[in-house]
Amino acid sequence: MFYLRNAELVDGTGKPPFVGGLLMDGDRIVKLCDTAPDGFGGEVVDCTGLTVTPGFIDAHSHNDWFALRDDAECFFKPFLQQGITSFVTGNCGLSTSGFAAGSVHEGKIGGGLFSLDGNRGVYPRMGDWLAAVDGGAPGNVAALAGHGSARIGVSGMSAEPLDGVGMEAMLRVLEQSLQDGACGVSLGLMYEPGIYAPRDELVEVARLVKRYNRVLTVHPKAMSRLSLSYGSMTKSHLMLALEELADIVRETGVDFQYSHLLFVGARTWGDEPKAIKALEALAETGSRVLFDMYPLHYGASVISVILPEWYMKLTPAQRQKPLTRAKLAVMIQATSKLLGFGFDDITIAYADEGNEDMQGKTVAQLAVEWNISKLQAYLKICEASDFKARVLQGKYQNRDIVKRLMRHDMSLFMTDAWVESSGVQNGGIYGAFPLFWQLADEAGLPIETAVAKMTGRTAARFGLKDRGVLREGAFADVTVVDRKALRPRIDEALPPLGVEYVFVNGQAVVRKGEFIAGQRPGRAIRAE
């Protein structure tokens, strides 16, 4: 039992802060009260000068890939240290569960960005995976069913459209995941095999999600004004991709979550007001439309993400042909110039064993070292890592864009970061949410609104019952912050200052700023 006394309480609903106390017993908040009950025998934590909020909820996480590892703690620790207690996982079409049992393509689950290796067992069925996670992870985990994982289970990385039998098999797996408690379905239209899915397939997936009143989250086909995913330049490719999604949303009425609203390349930044206007117009059709965002100006991805669909469909021998290389070179050079984004903005985070000398360097730097062109260096990295190298890409947005998006009613906060076993880490693992707090003051965003975007609004969006709020009967996921001392230390690759206590289901995992090792109090959260 814990009693947090004399705290500034920000309850996650968007209501103004108030001073009071909070009583936790077991895994629940028992009462909000000014004094501890008579005969209280638990621990009293003096929170004078401190702010108590619901545990933060990461609206876009990939920690499902690490939840069942024996060393799961090292992958969750930096997130818990920044106050995050729950994770919405399975994003970008890539979930660790939700694929056909016994599939010959099981080894390809993860799309090259993630892997099932190292997990305590493989669980094709979502319900079995959630049961295994329950009580076995350092933080709470909810899951989206990845369309990409379901499709891989049926046809691997094939670029061919699914036939009737394949479509039925894929939809059956996705439906089973929704029945088991998945909080929605995610699409990854910039990754294999999602990039190959035709419109009619996406419509069928959206209709399924609509029937279960869940959320369709989408990593769109393009997040820049010019991409290699489209052939012509009649309009911004970011807007073209958004319009294609909006058309599906209007046809099906599905609730739509735009994953990581970004504007890649300095010359794409001007698309921000147009994209916001399009999302607002889509919301007026009756679908619940939101987007998630992170506060950094770069993000993690896989190196092949900028390659065009036609190139990825080629065999290794076809890719080596001079005409193929020439065509690709022309497209990439034109795209780079028109975007204000190039090979000096792509840093290699990890490129597989034996390629450690590439890590921490940009493609442009490696081109100089190897005395070859930037495109040759890029393709050399692709081929050396089997097109699976992890990268950090810059110029995704700027500080002003971040603050405007934070203020928008449609935005939810997230990290889209994960801990790499080796290589260069994404700074979001160390302090994305404390940075949101810092930027909220600059953006003129009331603290109660900022906290709601980190907690209650995210829980409501994904059907996470009794999470994200401070009220009697809610789960005791609680974060205690010293607002005056709060400071993200992303550039130093250190946990933030000012996160004093973190409780997951009533169990302290951070105490007086120190992480407490050896605990797995997390639960599987099934959508309702």
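Residues numbered from 1 in each chain as written. Predicted model: local features only at pLDDT ≥ 70, side-chain atom pairs only at ≥ 80, totals over all residues. Heavy atoms only, no water.

Moving on: unusual backbone geometry. Of note, the bond from Glu192 into Pro193 is cis; its omega dihedral lies within 30 degrees of zero at -5 degrees. Tracing the sequence through the fold places Pro193 in the loop between β10 (184–188) and α5 (199–211). Phi is positive for Ala493, which is not a glycine, with a value near 55 degrees. Its place among the elements puts Ala493 in the loop between β19 (487–489) and β20 (494–497). (Helix = DSSP H or I, 4+ residues; strand = E, 2+ residues; numbered from the N terminus.)

Let us now look at the pattern of salt bridges. This model, assessed by the stated rule, comprises 29 salt bridges. Residue Asp255 is joined to Arg288 by a salt bridge in which the shortest nitrogen-to-oxygen separation is 2.5 Å. Within this pair, whereas Asp255 is found in strand β12 (residues 255–258), its partner Arg288 is found in the loop between α7 (272–283) and β13 (289–293), the two being separated by 33 residues in sequence. Classification of Arg288 by relative accessible area gives partly exposed; the value is 41%. Here Glu442 and Lys403 are joined by a salt bridge, their closest N and O atoms 3.5 Å apart. With a gap of 39 residues between them, Glu442 in helix α14 (residues 428–443) and Lys403 in helix α13 (residues 399–407) connect regions that are remote in the sequence. A residue is classified by how much of its surface remains accessible, and Lys403, at 16% relative accessible area, is buried. One continuous salt-bridge network, built from bridges that share partners, spans Asp27, Arg28, Asp466, Arg471 and Arg523. (Salt bridge = Lys/Arg side-chain N within 4 Å of Asp/Glu carboxyl O. Buried < 20%, exposed > 50% of the residue type's maximum accessible area, 1.4 Å probe, protein only.)

What follows deals with the packing of aromatic side chains. For the structure shown, the criterion picks out 16 aromatic pairs. Seen from their ring centres, Phe256 and Tyr258 are 6.3 Å apart, and the 70 degrees between their planes marks the pair as edge-to-face. By relative accessible area, Phe256 is classed as buried at 1%. Look at Tyr258 and you get buried, because its relative accessible area is 1%. Linked through ring pairs, Phe56, Phe413, Phe433, Phe436 and Trp437 together constitute an aromatic cluster. A cation over a ring is seen here: Arg319 above Phe387, with NZ or CZ 4.6 Å from the ring centre. (Phe/Tyr/Trp six-rings, centres within 6.5 Å; stacked < 30°, edge-to-face > 60°. Lys NZ or Arg CZ within 6 Å of the ring centre and 35° of its normal.)

In a regular helix each residue adds 1.5 Å, so 13 residues correspond to 18 Å; α5 covers 19 Å between its end C-alpha atoms and thus fits that length. Turning to α5, its buried residues are Glu201, Leu202, Val203, Val205, Ala206, Leu208 and Val209. Looking at the buried residues of α5, the elements they touch are α3 (147–155), α4 (164–180), β10, β11 (215–219) and α6 (237–252). In the stretch just after α5, Asn213 is the one whose phi turns positive, near 55 degrees. (Expected span 1.5 Å × (residues − 1). Contact = heavy atoms within 4.5 Å.)

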